[in-house]
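For reference, the chains in residue letters:
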Amino acid sequence: MAKNIILIGFMGVGKGSIAREIVKQHPMVALDTDDVIESMENRKIKKIFEEEGEAYFRAIEQHVAEWLESDVRNTLISTGGGFFKVKNLKKIGTVVLLHADFDTIHRRILAHPNAEKKLKKRPLFQDEARARALYDEREKHYMKAADIVIDVEGKSPEKIAKEIIKKVIRK
Ligand SMILES: Nc1ncnc2c1ncn2[C@@H]1O[C@H](COP(=O)(O)OP(=O)(O)O)[C@@H](O)[C@H]1O
Ligand SMILES: O=C(O)C1=C[C@@H](OP(=O)(O)O)[C@@H](O)[C@H](O)C1
């Protein structure tokens, strides 16, 4: 497998969790674009949004996307929920959309023992109605960007990882 695999989808749909589960079941290197950005900037995403604004963050996402395209291979890449908007997404690798409806995602975040912290670190998930509107606005664009759509509704991370390994990694 020379191509990268890129997990896209709305905030909290499980991109990070599923990437961690995939590498448990199928040894490969994984990275997360939000983690790369936090490490480059030496500050949290929340702080970057507060101190520099969203446009600055999107420009770094594009910069990271260019690096991924030119220098990264054979890697499982989980992304922030807005990363799918980078200009060269399809050139980075096979794009896998994790899909669930908004209420499922919201319920899952709230079910976490650290729910408050999980919500706080996501600047675009501060207000439920605005997050829902963002979901509605993005849904068709996620679908359009995806090579493969994986429905994550009502499935455990173990099961979702197995499905991706079978359909995308080992295919
Ligand atoms: N398949 C799943 N079933 C139940 N809870 C899940 C599942 N996938 C993720 N979660 C939970 O949903 C929350 C958000 O997951 P996370 O991986 O942080 O999402 P993302 O990286 O897409 O923002 C976490 O609390 C995680 O434990
Ligand atoms: O949807 C978005 O635009 C964003 C999603 C976040 O990542 P998660 O999807 O991991 O929450 C993070 O990149 C930033 O807060 C912006």
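Bear in mind that the values here come from a model prediction, so they are computed numbers and not experimental data.

1. Notes on the environment of aspartate 103
Within the secondary structure, aspartate 103 sits in helix α6 (residues 102-111). Judged by local crowding, aspartate 103 falls into the exposed class, with 10 C-beta atoms found within 10 Å. Distance in space between the C-alpha atoms of aspartate 103 and arginine 132 is 8.7 Å, their sequence separation being 29 residues.

2. A closer look at the UniProt feature "binding site: ATP" (unreviewed entry) in the protein chain
In the UniProt entry, the feature "binding site: ATP" (unreviewed entry) is given for Gly12, Val13, Gly14, Lys15, Gly16, Ser17 and Arg122. Tracing the sequence through the fold places glycine 12 in the loop between β1 (4-8) and α1 (15-25). Those residues in contact with glycine 12 that lie beyond four places of it in its chain are Ile105, Arg108 and Ile109. Residue classification places arginine 122 among the partly exposed positions, given that 17 C-beta atoms sit within 10 Å.

3. As for the sheet that holds strand β4 (residues 93-99)
The sheet built from five strands is open, its strands ordered β2-β3-β1-β4-β5 with parallel pairing. Every other strand in the sheet has two partners, leaving β2 (29-32) and β5 (148-151) as the edge strands with one partner each. The average undirected angle you get between the axes of adjacent strands in this sheet is 25 degrees. Where α1 meets the sheet, its contacts fall on β1, β2, β3 (75-78) and β4, and the angle it forms with β3 comes to roughly 160 degrees. Relative to the sheet, helix α9 (residues 157-169) contacts β1, β4 and β5, its axis offset from that of β5 by approximately 160 degrees.

The rules behind the values
Residues numbered from 1 in each chain as written. Chains lettered and ligands numbered in written order. Predicted model: local features only at pLDDT ≥ 70, side-chain atom pairs only at ≥ 80, totals over all residues. Helix = DSSP H or I, 4+ residues; strand = E, 2+ residues; numbered from the N terminus. Buried ≥ 20, exposed ≤ 12 C-beta atoms within 10 Å, placed from the backbone. UniProt positions renumbered as here; feature names shortened; annotations may be inferred. Contact = placed C-beta atoms within 7 Å. Pairing = 2+ DSSP bridges. Axes fitted to C-alpha atoms, helices over the stretch in contact; angles between N-to-C directions.

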